[in-house]
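Examining the three-dimensional arrangement
Here is what each chain is made of, one letter per residue.
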Amino acid sequence: LAKICGSIASDEGRHEIAYQRIMEGLFERDPDGAMLAFADMMRKQIVMPAHMMDDNEHKAKTGRNLFADFSAVAERTETYTAMDYVSIMEYLIKRWKVEEFQHLSGEAAEAQEYLMKLPARITKLAERANARKKRGGVSPFSWVFDREVQLH
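Here's a quick rundown of the structure. Note that the structure is a prediction, hence the values are computed from the model and not measured.

A word on the pattern of salt bridges. By the definition in use, this model includes 6 salt bridges. Where K44 meets D40, a salt bridge forms, and the shortest distance between an N and an O atom there is 3.1 Å. Of this pair, K44 and D40 both sit in helix α2 (residues 31-44), 4 residues apart, which is roughly one turn of that helix. Residue K44 is classed as exposed on the basis of its relative accessible area of 59%. When the shortest N-O distance is used, the salt bridge between E113 and K117 registers 2.9 Å. Separated by 4 residues within a single helix, E113 and K117 lie in helix α6 (residues 106-132), roughly one turn from each other.

Written as structure tokens, this is what we have:
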């Protein structure tokens, strides 16, 4: 398992570097287009490939979506939280110097403003969501032999 996880992590690291360099090149060559593309991606939200995970058991047993429950556990255990997402966004905004671009087209300037405000907006939404969460919910997960895991 450690080898598999290590292999996946190194592959993800290579993807991260490639995407960062591609966007840096786009921002150098076409600041308006890159700004619009970045904002469009963030408006559509980044969806994890695992959002389609299904063990053909969870929904029938619990009536809930497997990925939603998995995400709740990841959030509760602080494995990956909305604040991690905000940190990544802030890092990319800083790395790509989104705030420093001037003389953008009107649409690209609006996209820039949207991107600069987005981390604070997501932070506020995450804080509200955390305040509304019901504590104590549990769900069985088939891959741990139907052991119940606390969701929130």
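Bringing unusual backbone geometry into the picture now. Of all residues except glycine, most have a negative phi; of all peptide bonds, most are trans. Although it is not a glycine, E78 adopts a positive phi angle of roughly 60°. A residue is classified by how much of its surface remains accessible, and E78, at 65% relative accessible area, is exposed. In this structure, H103 is a non-glycine residue whose phi angle is positive, near 60°. Note on placement: H103 falls in the loop between α5 (82-95) and α6. By relative accessible area, which is 79% here, H103 ends up exposed.

Thresholds, definitions, all that
Residues numbered from 1 in each chain as written. Predicted model: local features only at pLDDT ≥ 70, side-chain atom pairs only at ≥ 80, totals over all residues. Heavy atoms only, no water. Salt bridge = Lys/Arg side-chain N within 4 Å of Asp/Glu carboxyl O. Helix = DSSP H or I, 4+ residues; strand = E, 2+ residues; numbered from the N terminus. Buried < 20%, exposed > 50% of the residue type's maximum accessible area, 1.4 Å probe, protein only.

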